[in-house]
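In case you want the letters, here they are:
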Amino acid sequence: MNLLAYPWWLLPLALFAVPLAVVLAVNHWRFHREGTSQHLVLGLFVTACWLGAIILILQRVQ
């Protein structure tokens, strides 16, 4: 399975949106709170951005 064959934005989007949705759902249903930590969201976003940059660089090198 070649991860670079998919559109470059698909993997970073999934790695940002899926954990964020899970955290929001758990906080809403388990702890009856709305929202989540801003540090968690920022960390997920920065990780997704770095991963997107690495994927773009690797696609250009190939």
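The structure under discussion appears in the preceding block.
Overview of the structure. (Residues numbered from 1 in each chain as written. Predicted model: local features only at pLDDT ≥ 70, side-chain atom pairs only at ≥ 80, totals over all residues. Heavy atoms only, no water.)

**Structural notes on the overall build of the protein chain**
Helix and strand content of the protein chain: two helices and zero strands. Relative to the compact-globule value of 11 Å for 62 residues, the protein chain shows a C-alpha radius of gyration of 14 Å, a clear excess of over 25%. Counting every position in the protein chain, which comprises 62 residues, the buried fraction comes to 13%. For the protein chain, contacts bridging at least 24 residues in sequence account for 68% of all contacts bridging at least 6. For the protein chain, the accessible surface area stands at approximately 5000 Å², while carbon and sulfur atoms represent 73% of it. (Helix = DSSP H or I, 4+ residues; strand = E, 2+ residues; numbered from the N terminus. Rg over C-alpha atoms; globule rule 2.2 N^0.38 Å. Buried < 20%, exposed > 50% of the residue type's maximum accessible area, 1.4 Å probe, protein only. Contact = heavy atoms within 4.5 Å. Areas by Shrake-Rupley, 256 points an atom, 1.4 Å probe, with all protein chains shown as cover.)

**A few points about the environment of Leu15**
Residue placement: Leu15 occurs in helix α1 (residues 10-29). Separated by 32 residues in the primary sequence, Leu15 and Thr47 place their C-alpha atoms 8.3 Å from one another. Among all residues touching Leu15, those that are not within four sequence positions of it are Leu44 and Leu51.

**Thoughts on the packing of α1 against helix α2 (residues 38-61)**
One way to put it is that α1 packs onto α2 with a least axis distance of 8 Å and a crossing angle of 165°. Between α1 and α2, the interaxial angle falls into the category roughly antiparallel. In terms of crossing hand, the pair formed by α1 and α2 is right-handed. Contacts between α1 and α2 involve Leu11, Pro12, Leu15, Phe16, Pro19, Leu20 and Val23 from the first element and Leu40, Val41, Leu44, Phe45, Ala48, Leu51, Gly52 and Ile55 from the second. Taken together, the residues that form the contact of α1 with α2 break down as 14 nonpolar, one polar and no charged. (Axes fitted to C-alpha atoms, helices over the stretch in contact; angles between N-to-C directions. Parallel < 35°, antiparallel > 145°, perpendicular 65-115°, else oblique. Left-handed = near helix turned anticlockwise from the far one by under 90°. Nonpolar A, V, L, I, M, F, W, Y, C, P; charged D, E, K, R; others polar.)

**Structural notes on α1**
Taking 1.5 Å as the rise per residue, α1 with 20 residues should run 28 Å; its terminal C-alpha atoms sit 28 Å apart, in good agreement. The set of residues buried in α1 consists of Pro12, Leu20 and Asn27. Axial view of α1: buried residues confined to an arc of 30°, hence all on one face. Away from its buried face, by an angle of more than 90 degrees, α1 presents the exposed residues Val18 and Trp29. On its buried face, α1 is in contact with α2. (Expected span 1.5 Å × (residues − 1). Arc of directions from axis to C-beta.)

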